[in-house]
Amino acid sequence: MIDEPSLLNTEQGRRRILDVILNITKGTALEPQLYEQVLLDQFVRGELTDEHVLILLRAVKFH
């Protein structure tokens, strides 16, 4: 069995996943707002985990 790295383990992989998601949501109500885009960019660079992004999004939603 070949152990391939997850796309989430590299910045390039995270960027590829995010690009697909952004293309799908472009022009829809699901398209990220500016604050959401900033968080997603931090996630891609590895500065935030997916869990951190979700926590921060929930915090903004309830304020």
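If you're wondering where the values come from, they're calculated on a predicted model, not measured in any experiment. (Residues numbered from 1 in each chain as written. Predicted model: local features only at pLDDT ≥ 70, side-chain atom pairs only at ≥ 80, totals over all residues. Heavy atoms only, no water.)

1. Topic: the pattern of salt bridges
(1) Moving on: Using the criterion set out here, one finds three salt bridges in the structure.
(2) Moving on: Between Arg15 and Asp41 there is a salt bridge, with the nearest N and O atoms lying 3.5 Å from each other. One end of the pair, Arg15, is in helix 1 (residues 11–25); the other, Asp41, is in helix 2 (residues 34–44), with 26 residues separating them in the sequence.
(3) Moving on: Here Glu47 makes a salt bridge to Arg45, at a shortest N to O gap of 2.9 Å.
(4) Moving on: A residue is classified by how much of its surface remains accessible, and Glu47, at 48% relative accessible area, is partly exposed.
(5) Moving on: In this structure Arg45 comes out as partly exposed when scored by relative accessible area, which is 43%.
(6) Moving on: Each of the salt bridges in this network shares a partner with another, and the network as a whole consists of Arg15, Asp19 and Asp41. (Salt bridge = Lys/Arg side-chain N within 4 Å of Asp/Glu carboxyl O. Helix = DSSP H or I, 4+ residues; strand = E, 2+ residues; numbered from the N terminus. Buried < 20%, exposed > 50% of the residue type's maximum accessible area, 1.4 Å probe, protein only.)

2. Considering the packing of helix 1 against helix 2
Packed helices, taken two at a time, are described by their axes: the angle between them and the distance between them.
(1) Moving on: Across the interface, helix 1 lies against helix 2 with an axial gap of 8 Å and an inter-helix angle of 150°. As far as their axial angle goes, helix 2 and helix 1 are roughly antiparallel. Contact residues: helix 1 offers Glu11, Arg14, Arg15, Leu18 and Leu22, while helix 2 offers Gln37, Leu40, Asp41, Phe43 and Val44.
(2) Moving on: Classifying every residue of the contact of helix 1 with helix 2 gives five nonpolar, one polar and four charged. (Axes fitted to C-alpha atoms, helices over the stretch in contact; angles between N-to-C directions. Parallel < 35°, antiparallel > 145°, perpendicular 65-115°, else oblique. Contact = heavy atoms within 4.5 Å. Nonpolar A, V, L, I, M, F, W, Y, C, P; charged D, E, K, R; others polar.)

3. Some remarks on the side chain of Arg14
(1) Moving on: Looking at where Arg14 falls in the secondary structure, it is placed in helix 1.
(2) Moving on: Within polar-contact distance, the side chain of Arg14 engages the backbone oxygen of Val44 at 3.0 Å.
(3) Moving on: Setting aside residues no more than four positions away along its own chain, Arg14 makes contact with Leu7, Leu8, Asn9, Phe43, Val44, Arg45 and Gly46. (Polar contact = N/O pair within 3.5 Å; in protein donor to acceptor, adjacent residues only side chain to side chain.)

4. Some points on the nonpolar core
(1) Moving on: Of all hydrophobic cores here, the largest spans eight residues; its members are Leu18, Leu22, Leu39, Leu40, Phe43, Val44, Leu48 and Val53.
(2) Moving on: For this core, the secondary structure elements donating two or more residues are helix 1 and helix 2.
(3) Moving on: At four residues, the largest contribution of residues to this core is made by helix 2.
(4) Moving on: Among residues more than four places away in sequence, those in contact with Val44 are Glu11, Arg14, Arg15 and Leu18. (Core = buried A, V, L, I, M, F, W, Y, C linked by side-chain atoms within 4.5 Å.)

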